[in-house]
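Residue-level listing of the chains:
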Amino acid sequence: MSEEKKKILIIEDEASIAEIIKFNLEKEEFEATIALDGNTGLAEGLSGKYDLILLDLMLPGLDGYEVCRRISEKSTVPIIIVSAKEDEADKVKGLELGADGYITKPFGIRELIARIRALLRRNRIATMEGGVPDEILNTGNIILNTTRYDVLKNGKLIPLTIREFDLLYCLAKGNGQIFSREELMEKVWGYEYFGDIRTVDVTVRRLREKLEDDPSQPKYIRTKRSLGYFFQSSENQMQ
Ligand code: CA
């Protein structure tokens, strides 16, 4: 009774690199499909067929950033950016556009596989949690539904990625408890996944942009200087 193979989409214009990744993924019992340009990658990525996407940044047609942005807008499929660019700014930009991870070429195939497994495990936990009865977390203005992965603010649906949702859920559930970046990394991303805690800050920024009336003066996702972040419900807001 083997589990169904996980399907990975490789968006990469260098055929030789794409083939090496595909070969290694198949050796690890994944199913892998290659898209050699941005437009094909976008169409495939939005098809709903894949469990995870590996995305190169420098692509003919649409570049990787644009592919990342457009897929993340409509889909919760996890994306790992695989890029030759080592620039920190590029990394942050990729994460801001909705990527879940970033790996720099050249990389070890074992590292890549470990990243993929960690992300898939995280998503499976999310899916399993989706199988339990609805939990509605009502904080006043903001209501989270863990089954549908919905967030309503004043009755209006706020589109969040899975990671953004998990982060908000973790903070909101804490109801004022302060979480360090490391704690959030472990709870939301999974312990062994991704060492870079700036991912937390980037995701907080993205979440604020979607959730807050004024992201520069956040009322819900609050910073506790040098300690971390906490959630302030509307009921506890000071006027
Ligand atoms: Ca390329």
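What you are looking at is a predicted structure, and each value in this text was computed from that prediction instead of being measured.

Turning to helix α7 (residues 181-189), its buried residues number three or more, namely Leu184, Met185, Val188 and Trp189. In a view along the axis of α7, the buried residues occupy a sector of 105°, so they form one face of it.

What follows covers the coordination of the calcium ion. Around the calcium ion, the protein contributes the donor atoms Asp13 (OD), Asp56 (OD) and Met58 (O), at 2.1 to 2.4 Å from the metal centre. Between consecutive donor residues of the calcium ion, the sequence gaps follow D-x42-D-x1-M. Of the two residues, Asp13 sits in the loop between β1 (7-11) and α1 (15-27) while Asp56 sits in the loop between β3 (52-55) and α3 (64-74), which places them 43 residues apart along the sequence.

Packed helices, taken two at a time, are described by the angle their axes make and the gap between the axes. Running from N to C, helix α4 (residues 88-96) and helix α8 (residues 198-211) cross one another at 45°; their axes reach a closest spacing of 9 Å. The orientation of α4 with respect to α8, classified from their angle, is oblique. The crossing of α4 and α8 is right-handed. Residue-level inspection shows Glu88, Val92, Leu95 and Glu96 of α4 in contact with α8, the latter providing Arg198, Thr199, Val202, Arg205 and Arg206. Class assignment of the residues belonging to the contact of α4 with α8 gives a composition of three nonpolar, one polar and five charged.

Averaged over the protein chain, the pLDDT score is 85; the fraction of residues at 70 or greater is 87%. Under a pLDDT of 50 for its full length, residues 128-133 has, in the predicted model, four contacts with residues more than four places off or in other chains.

On to the sheet that holds strand β8 (residues 150-153). Pairing is antiparallel across the open sheet formed by four strands, whose spatial order is β6-β7-β8-β9. Both outer strands of the open sheet, β6 (136-138) and β9 (156-157), are each paired with one neighbouring strand and no more. One ladder, built from four bridges, connects strand β7 (residues 142-145) with β8; its direction is antiparallel. By the bridge assignment, Ile142 is partnered in β8 with Lys153. Running over the sheet, helix α6 (residues 162-174) touches β6, β7 and β8 and is turned about 115° from β7.

Taken as a whole and assessed by the stated rule, the structure comprises 15 salt bridges. Glu4 serves as the salt-bridge partner of Lys7, at 3.2 Å between the closest nitrogen and oxygen. What makes Glu4 exposed here is its relative accessible area of 63%. A salt bridge links Lys153 to Asp213; the shortest N-O distance between them is 2.7 Å. With a gap of 60 residues between them, Lys153 in strand β8 and Asp213 in the loop between α8 and β10 (221-224) connect regions that are remote in the sequence. For Lys153, a relative accessible area of 10% gives the class buried.

Before going further, it helps to spend a moment on the pairing of strand β2 (residues 31-35). In this structure, β1 lies alongside β2, joined through five bridges in parallel fashion. Across the sheet, Ile10 pairs through a bridge with Ile34, a residue of β2. In this fold, β1 hands off to α1, which returns the chain to β2; that crossover is right-handed.

Turning our eyes to something else, we now look at unusual backbone geometry. Of note, the bond from Lys105 into Pro106 is cis; its omega dihedral lies within 30 degrees of zero at -5°. Structurally, Pro106 is set in the loop between β5 (101-104) and α5 (109-131). The phi angle at Glu29 is positive, at roughly 70°, despite the residue not being glycine. Summarising the element assignment, Glu29 is placed in the loop between α1 and β2. Assessed through its relative accessible area of 51%, Glu29 is described here as exposed.

So, on to the sheet that holds β5. The pairing of strands in a sheet comes from backbone hydrogen bonds and takes either a parallel or an antiparallel form. Spatially, β2-β1-β3-β4-β5 is the arrangement adopted by the five strands of the open sheet, whose pairing is parallel. Looking at which strands have only one partner, the edges of the open sheet turn out to be β2 and β5. Neighbour to neighbour, the strand axes of the sheet diverge by 20° on average, direction disregarded. In terms of strand pairing, strand β4 (residues 79-83) meets β5 through four bridges, oriented parallel. Within β5, the residue paired with Ile80 across the bridge is Gly101. Those strands touched by α1 are β1, β2 and β3, and its axis lies near 170° from that of β2.

Rules behind the numbers
- Residues numbered from 1 in each chain as written.
- Predicted model: local features only at pLDDT ≥ 70, side-chain atom pairs only at ≥ 80, totals over all residues.
- Heavy atoms only, no water.
- Buried < 20%, exposed > 50% of the residue type's maximum accessible area, 1.4 Å probe, protein only.
- Helix = DSSP H or I, 4+ residues; strand = E, 2+ residues; numbered from the N terminus.
- Arc of directions from axis to C-beta.
- Donors = N, O, S within 2.8 Å, 3.2 Å for Na, K, Ca; no water.
- Axes fitted to C-alpha atoms, helices over the stretch in contact; angles between N-to-C directions.
- Parallel < 35°, antiparallel > 145°, perpendicular 65-115°, else oblique.
- Left-handed = near helix turned anticlockwise from the far one by under 90°.
- Contact = heavy atoms within 4.5 Å.
- Nonpolar A, V, L, I, M, F, W, Y, C, P; charged D, E, K, R; others polar.
- pLDDT = per-residue confidence, 0-100.
- Pairing = 2+ DSSP bridges.
- Salt bridge = Lys/Arg side-chain N within 4 Å of Asp/Glu carboxyl O.
- Right-handed = clockwise from strand over helix to strand, strands pointing away.

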